[in-house]
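# Per-entry structural report
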There are 2 protein chains.
Amino acid sequence: MQQFSNNGDTIIAPATAAGVGAIAVIRVSGMRAFEITDGVFVAKGKNKKKIAEQDSHTIHFGWIKEGENTIDEVLVSVFKNPHSYTGEDVVEISCHGSIFIQQQILQLLNRHGARNAQPGEFTLRAFLNGKMDLSQAEAVADLIASDSSASHDLALKQMRGGYSSEIKQLREQLINFASLIELELDFSEEDVEFANRKQLAELIGHIMSHISNLISSFELGNVIKHGIPVVIAGRPNVGKSTLLNALLNDERAIVSHIAGTTRDTIEEEIVLSGIKFRFIDTAGIRETSDAIESIGVSRTMEKINQSPVLIYLFDVNESTPASLRSELEELKKNVHSTNYKVILAGNKVDKKEHEKLKNEFDGFGEVVFISAKEKLNLPILTKKLLDEINLSHTKHDNVIVTNARHAEALQHTNESLQLVLEGLNKKLSGDLIAPEIRNALYHLGLITGEVTNDMLLANIFSRFCIGK
Amino acid sequence: MQQFSNNGDTIIAPATAAGVGAIAVIRVSGMRAFEITDGVFVAKGKNKKKIAEQDSHTIHFGWIKEGENTIDEVLVSVFKNPHSYTGEDVVEISCHGSIFIQQQILQLLNRHGARNAQPGEFTLRAFLNGKMDLSQAEAVADLIASDSSASHDLALKQMRGGYSSEIKQLREQLINFASLIELELDFSEEDVEFANRKQLAELIGHIMSHISNLISSFELGNVIKHGIPVVIAGRPNVGKSTLLNALLNDERAIVSHIAGTTRDTIEEEIVLSGIKFRFIDTAGIRETSDAIESIGVSRTMEKINQSPVLIYLFDVNESTPASLRSELEELKKNVHSTNYKVILAGNKVDKKEHEKLKNEFDGFGEVVFISAKEKLNLPILTKKLLDEINLSHTKHDNVIVTNARHAEALQHTNESLQLVLEGLNKKLSGDLIAPEIRNALYHLGLITGEVTNDMLLANIFSRFCIGK
């Protein structure tokens, strides 16, 4: 991605997924979108007007032609600026969904002067043309990537405004004070204070507490977006892999396998009740040696320390309350994180009487007795899991930060605001406070794109797919 | 596919390729398409009219909602019957290209009364509603599957009418005579002849020669559609695999690997000058034993017998005119097909002087001297290949049958017409000729779908992709 000013290039890309489908859509955007389309499109029927003369949001049937050679029968949708996705003139060509035809049409458009779009370039233009702010643009990519109800809802909320308006509001209030303080600098000889220091301190306290809430929501937002890690641990042969497979095969679960994240652990994404989990089976690690010892392996430790929940599985036929107690103590010794929940699950209950079990492991609080093999009581286990997750996060109801870039910018904003507060407490003069307020404004502005730079934009939009 | 009458069901399916893209399109077709869309779509802006009240071929921006819960921001395209692909009321919902969102919208539409479409059901409806004949409908699937310029052109030609109109015309002429003969049957007591026997014989001769041309074009049509098989044969270590790889890596070639067609031979699809070839490397077969013997292996023999062209490769450094002559004689003995061309290619010329070579193998006609390793003279080889193909097929200029079903129907038509001709020669009466004319009409009608039955339709449309 070389340039970020809208330089009049007309860009094209397939907008639909690669592969064979009934139809495919090719998107054309830019000053010459209509002219270029007119050069390759012949409308069928009486309406022979040029594309530019057609009404916006209308569809036209005809052929893509190169001279006498017909490439395809297509529908052409016309969107006139600013009423389009990018804010520019846009044409969407709906052709037959063969890769060959798409290539032919793209190459023909190339020859007529359109350039192939970079990843995310349509959305970049939408941002540059003021159709959406930066945080909304980022949400478009999140929305397309979302694969659970929870991550979808968060992305959609962000795309439709989300906390953008809130951030903009906070920033405006801060700008008002900043301008008063900047004004003081002009009159610095006269020792005046246009900005009420008490009100400023109150405002900053208010903004900081607001931002702190947003920052702390990121922990949840991040796991909702990428999946909540849940480690399945336990001694060898207690059925860890069987449990993972049983959860995977459960019809209600939407599954995808994460290939090659680490070689030692198996991770599987499973969506339960609209929330994505990343189940981590530690079974792969030194299955033959002692399980507790194997948990000590640094990678597993890392996983456990990152996971808010751990399912500790034991074999009800092999375990006694005493052996289980010593295992759990061993586990506790090896895990450094203090911020995780353990769900105890007794496996292989198909071989043992249920009532007896309950009495036997009475001292361990709530134990879920399951049979991974027979898929017995698995809904109870997943319900327990969902409860544990929800319990620790009910405080974040509405506004949740899911974007690491935003979280970082918020963090930097608060660091600057902290320095401003300290300056105010020390009764520093305006010229000493002003730079830190500017810093805070800068970081806050990065989120919505009111402050931006080419490297930031390149970084954000290069992660998009082609055609968006 | 259970029913073939248009029973008022409203059907839905994703129309774009599966996978993640910028956008995806969901197609809704049927009597209740507008009503069902209205139940889930909330337009943005002032234009709050119902879908049914909007103009055809217009696009509307808004949200897909389930109650208060927003699923996505979408564009909705409205096509009013009969001006749509299916001829019914059609809505195309252009949503964000996430699989999750598509599933959500499809499930929501299900809950509002739409049924998931069977493969090809949209095109089936287009056929049932008279938007296209059966041969055109079949061409839609061919068009989507086409991956070379030649197969694309044939499919497009067929979709836009192709020989449909010709077949219809021939059939009509035949129907005229048939009705006259049927009329004779009503007056059979009176021994009249309404149908001029001489004219009928002339017409049938005319139709049969026309149909024969179509039938013989199928050989070419079929290979254009599925790729022209070209066997690469020769002794071990002459560089057969290297040649195949060199052709594959040539930048101008569009390549796809055919997995698992046979385990003994390697097949690769390569598009050269818009024509698809299936190169068959026989190198996998008993590479250690004698090559000519290995060619005798039945599978290779089969391949050679099916291929119009064989590239016989020899190592110019190891071969003498005498050894090459004996290899070619051995080959001729083992190949039963008489209808194939042999292109002689001398490989590894990088190690030998070119002029010397030309003299040495002077007696073999045109030999192409190449170096597969150094990619030397490969364009000459491919040009030679294209020449050989075109040479044998220049007679088929325009109308080419690509569909096995059509070829079979044409064959049956001509068989019936042959019986009619024989009957006319024997001066048989109308009641003995009429049934065979009816048979010919039946088979001819199957091509365009003027005659049809449920099994035929099921067979044709079940091969379509979902959403088409």
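Residues numbered from 1 in each chain as written. Chains lettered and ligands numbered in written order. Predicted model: local features only at pLDDT ≥ 70, side-chain atom pairs only at ≥ 80, totals over all residues. Heavy atoms only, no water.

### A few points about the layout of surface pockets
As a reminder of what qualifies: Put plainly, a pocket is an open set of points on a 1 Å grid over the protein atoms alone with protein on both sides within 12 Å along at least five of seven lines, a cavity is a set where a 1.4 Å probe fits but cannot get out, and a lining residue has an atom within 4 Å of a point. Grid points are joined across faces, edges and corners, and a volume is the space filled by probe spheres set on the points. Numbered from the N terminus, helices here are DSSP runs of H or I no shorter than four residues, and strands are runs of E no shorter than two. Amino acid classes used here: Ala, Val, Leu, Ile, Met, Phe, Trp, Tyr, Cys and Pro are nonpolar; Asp, Glu, Lys and Arg are charged; the rest, including Gly, are polar.
Of the voids in this model, the largest pocket is the one considered here, and its volume is about 1100 Å³. Around the largest pocket, the lining is made up of 36 residues, and of these A:His57, A:Ser84, B:Lys44, B:Phe61 and B:Leu75 lie nearest the centre. When residues of the lining of the largest pocket are traced back to their parent elements, those giving at least two are β6 (90-96) and α4 (134-145) of chain A together with β4 (58-66), β5 (69-79) and β6 (90-96) of chain B. The leading source of residues in the lining of the largest pocket is β4(B), at five residues. Along the lines of polarity and charge, the residues of the lining of the largest pocket split into 14 nonpolar, 12 polar and 10 charged.

### A closer look at empty space enclosed by the protein
Using a probe with the size of a water molecule, rolled over the atoms, empty space left in the structure can be pinpointed. Throughout the structure, instances matching the rule amount to five cavities of 30 Å³ or more. Taken together, 16 residues make up the lining of the largest cavity; nearest its centre are A:Ser77, A:Glu92, A:Ser94, B:Ser77 and B:Glu92. Within the lining of the largest cavity, the residues separate by chemical class into 10 nonpolar, four polar and two charged.

### As for the confidence of the model for chain A
All names here are of chain A. So the rule is basically this: Summary of the metric used: pLDDT quantifies the predictor's per-residue confidence within the range 0 to 100. When checking whether two residues touch, look at their non-hydrogen atoms; a contact exists if any pair is within 4.5 Å.
The predicted model of chain A averages 84 in pLDDT, with 88% of residues at 70 or higher. Low pLDDT, under 50, characterises residues 391-396; the stretch is placed with five contacts to residues that sit more than four places away or in other chains. On the interface metric, ipTM, the complex scores 0.79, and its pTM is 0.80.

### Notes on the relation of the copies chain B and chain A
Short version of the rule: Residues below a pLDDT of 70 in either copy are left out; the C-alpha atoms of the rest, at least 70 in both, set the least-squares superposition of the copies.
Least-squares fitting of chain B to chain A yields an RMSD of 0.1 Å, with the transformation described by 0.0 Å of translation along the axis and a rotation of 180°. Taken together, these values place the two copies in the relation of a two-fold axis. Across chain B, the smallest distance between a C-alpha and the rotation axis is recorded for B:Thr58, namely 2.2 Å.

### Some details on the interface of chain B and chain A
So the rule is basically this: A simple way to read buried area is as the amount of 1.4 Å-probe accessible surface that goes missing from two parts once joined, with both sides added. One side-chain nitrogen of Lys or Arg within 4 Å of one carboxyl oxygen of Asp or Glu is enough to make a salt bridge. Each polar contact in these results corresponds to two N or O atoms within 3.5 Å; when the atoms are within protein, one needs to be able to donate a hydrogen and the other to accept it, and residues that are neighboring in sequence are counted only if both atoms are side-chain atoms.
Taken residue by residue, the interface counts 45 residues in chain B and 45 residues in chain A. Three residues stand out in chain B for area buried against chain A, namely B:Ile23, B:Ile59 and B:Phe100, and they jointly supply 17% of the buried area on that side. Counting across the chain B and chain A interface gives zero salt bridges. Applying the counting rule to chain B against chain A returns 10 residue pairs in polar contact (both at pLDDT 80 or more). Counting only elements with at least two residues in the side of chain B that touches chain A, the list comes to β2 (23-29), β4, β5, β6, α2 (99-111), α4 (134-145) and α5 (149-159) of chain B. Ranked by residues supplied to the side of chain B that touches chain A, first place goes to β5(B) with eight residues. For the side of chain B that touches chain A, the residue count by class is 20 nonpolar, 17 polar and eight charged.

### What to know about the pattern of salt bridges
Threshold: Any residue under 20% of the maximum accessible area for its type is buried, any over 50% is exposed, and the rest in between are partly exposed; the area is computed with a 1.4 Å probe on protein chains only.
Using the criterion set out here, one finds 44 salt bridges over all chains in the structure. One salt bridge in this structure joins A:Glu269 and A:Lys276, with 3.9 Å as the shortest N-O distance. For A:Lys276, a relative accessible area of 6% translates into the label buried. The salt bridge involving B:Asp387 is made with B:Lys383; its shortest N-O contact spans 3.0 Å. Within this pair, B:Asp387 and its partner B:Lys383 are both found in helix α13 (residues 378-391), separated by four residues, close to a single helical turn. Residue class for B:Asp387 comes out partly exposed when judged on its relative accessible area of 33%. The class of B:Lys383 is partly exposed, set by a relative accessible area of 49%.

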